Amino acid sequence: MSNVLQLSSVSVVRGRKTLLDSIDWQVRDGERWVILGPNGAGKTTLLHLAAARLHPTRGTVDILDETLGKVDVFELRPRIGLSSAALATQIPEHEKVLNVVVTAAYGVTGRWNEAYEKDDERRAFRLLNEWGMGPLLGRVFASLSEGERKRVQIARALMTDPELLLLDEPGAGLDLAGREELVHRLAELAADDAAPALVLVTHHLEEVPPGFTHAMLLREGGIVAAGPIEATLTQENLSRTFGMELDVVSRGGRYTATAKDGAGSANAGAKAGAAQSGAPASS
Ligand SMILES: Nc1ncnc2c1ncn2[C@@H]1O[C@H](COP(=O)(O)OP(=O)(O)OP(=O)(O)O)[C@@H](O)[C@H]1O
Ligand SMILES: [Mg+2]
């Protein structure tokens, strides 16, 4: 197995704030990673490093055997699929669904040149069909539901046949059925030997697809735990990561987490107390 990602003592600092602190992380070919952590933990920052969208302040980032700072990122980026809310906002309002996907082959988000290769259109068509979006090819991206947009974004991220696929909260905003469908499709992708190495950022343990192999837990820019998924997504590690006593249940490759009796109301009280006075005290 070869290395897809290798981060060595990587820090990202902005002003006085350390967004990521001395991160060491290795992703090998065939691995499927999930990254969890509270808001502001540094998950998106880490994904942007892995996507060659950001350079570290300190340390080295190797992606697909190239070192950030020593490689032309415009040659490297097509080898990496990225789906994120930030990228979605760059899609022009009136862009058609098929074009949202086709343009990924050219590293742009707006269709300005009509001379796209038929092969590219066929690939975009196939990917959209695979993600259940075939009937909506001609629709305008802005008119899609949140769940439909998420699927188009993943099809777009796969357009260049990447060696590494990075998904930042693909389940955000989906209803229960939409989430379950996404988890199912990601589980299928995880089981596909031909699929690229996967890194999925999520806030919800329920969104971890069966078949994912590794997990990283981030808190305040540092790694709480990282490694094989079952040994990492433990009650103790997750409680430390989220600063709350949690009950974690794993069944049939799926996970759920709930606050231990009383822990939820205590935390909610503390959080509410910070935001507004007169928060109810918990018992
Ligand atoms: N340019 C910047 N200057 C200062 N702080 C920044 C900058 N960019 C990001 N941050 C801060 O870095 C921290 C990590 O941000 P990041 O977006 O990586 O978190 P995240 O784990 O993805 O959070 P979320 O779960 O809310 O998406 C946040 O506190 C954010 O406010
Ligand atoms: Mg984020």
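Right above here is the structure, for reference.
To start, this report covers the structure provided alongside it. (Residues numbered from 1 in each chain as written. Chains lettered and ligands numbered in written order. Predicted model: local features only at pLDDT ≥ 70, side-chain atom pairs only at ≥ 80, totals over all residues.)

Some words on the overall build of the protein
- A count of helices and strands for the protein gives 10 helices and 12 strands.
- Going through the 283 residues of the protein one by one, you find that 36% of them count as buried.
- Summarising the internal contacts of the protein: among those between residues at least 6 apart in sequence, 57% fall at separations of at least 24. (Helix = DSSP H or I, 4+ residues; strand = E, 2+ residues; numbered from the N terminus. Buried ≥ 20, exposed ≤ 12 C-beta atoms within 10 Å, placed from the backbone. Contact = placed C-beta atoms within 7 Å.)

Let's talk about helix α5 (residues 118-130)
- In this model α5 runs 18 Å from its N-terminal to its C-terminal C-alpha over 13 residues, within 8% of the 18 Å that 1.5 Å per residue would give.
- Buried-residue contacts for α5 involve α4 (97-102) and α6 (146-158).
- Downstream of α5 by a residue or two, Gly 132 has a phi angle that is positive, lying close to 75°. (Expected span 1.5 Å × (residues − 1).)

Focus: the nonpolar core
- Counting residues in hydrophobic clusters, the biggest one holds 71 residues, and the most contacted among them are Val 101, Ala 155 and Leu 166.
- Contact partners of Ala 155, with chain neighbours within four places excluded, come to Val 101, Leu 127, Leu 128, Trp 131 and Met 133. (Core = buried A, V, L, I, M, F, W, Y, C linked by C-beta atoms within 7 Å.)

With respect to the sheet that holds strand β3 (residues 32-36)
- The mixed open sheet is built from six strands, whose spatial order is β6-β7-β8-β3-β9-β10. Across the chains shown, the open sheet's two edge strands, defined by having one partner strand only, are β6 (80-83) and β10 (222-228). Recorded for the sheet is a direction-independent mean angle of 15° between the axes of neighbouring strands.
- Relative to β10, strand β9 (residues 214-219) runs antiparallel, the two sharing six bridges. Within the sheet, the bridge partner assigned to Arg 219 lies in β10 and is Gly 222.
- Most of the contacts of helix α1 (residues 43-50) go to strand β8 (residues 197-201), to which it runs at about 155°, and overall it touches β3, β7 (164-168), β8 and β9. (Pairing = 2+ DSSP bridges. Axes fitted to C-alpha atoms, helices over the stretch in contact; angles between N-to-C directions.)

Here's the deal with the site of ligand 1
- All residues adjacent to ligand 1 are Arg 14, Gly 15, Lys 17, Leu 19, Gly 37, Asn 39, Gly 40, Ala 41, Gly 42, Lys 43, Thr 44 and Thr 45.
- The set of elements that each furnish at least two residues to the shell around ligand 1 consists of β2 (17-28) and α1.
- It is α1 that provides the largest number of residues to the shell around ligand 1, a total of three residues.
- Grouping the amino acids of the shell around ligand 1 by side-chain chemistry returns two nonpolar, seven polar and three charged. (Near = placed C-beta within 6 Å. Nonpolar A, V, L, I, M, F, W, Y, C, P; charged D, E, K, R; others polar.)

Quick notes on helix α7 (residues 176-191)
- For α7, built from 16 residues, the straight-helix expectation of 22 Å at 1.5 Å per residue is met to within 8% by its first-to-last C-alpha distance of 23 Å.
- Tucked inside the fold, the buried residues of α7 contact α6 and β8.

Some details on the sheet that holds strand β4 (residues 58-63)
- Strand order in this open sheet of four strands is β2-β1-β4-β5, and the pairing throughout is antiparallel. The open sheet has two edge strands with one neighbour each: β2 and β5 (66-67).
- Looking at chain direction, β4 and β5 are connected through two bridges and run antiparallel. What sits directly across from Asp 62, in β5, is Thr 67.
- The sheet contacts of α1 involve β1 (3-14), β2 and β4, and relative to β2 the element is tilted by about 55°.

Topic: unusual backbone geometry
- Even without being a glycine, Ser 9 presents a positive backbone phi close to 45°.
- Take Ser 9: it is sitting in strand β1.
- The exposure class of Ser 9 is exposed, given the 12 C-beta atoms found within 10 Å.
- In this structure, Leu 64 takes a positive phi of about 50° despite not being glycine.
- Mapped onto the elements of the fold, Leu 64 is located in the loop between β4 and β5.

Concerning the pairing of β1
- Sheet topology note: the β1/β2 ladder contains eight bridges and is antiparallel. Bridge assignment links Gln 6 to a residue of β2, and that residue is Gln 26.
- Taking the residues between adjacent antiparallel strands as the criterion, β1 and β2 are bridged by two residues, where Gly 15 takes a positive phi near 60°.
- Both β1 and β4 contribute to a ladder of five bridges, which runs antiparallel. When the bridges of β4 are listed, Leu 5 appears paired with Ile 63.

Section: the environment of Gly 40
- With respect to the element layout, Gly 40 can be found in the loop between β3 and α1.
- Separated by 180 residues in the primary sequence, Gly 40 and Glu 220 place their C-alpha atoms 7.0 Å from one another.

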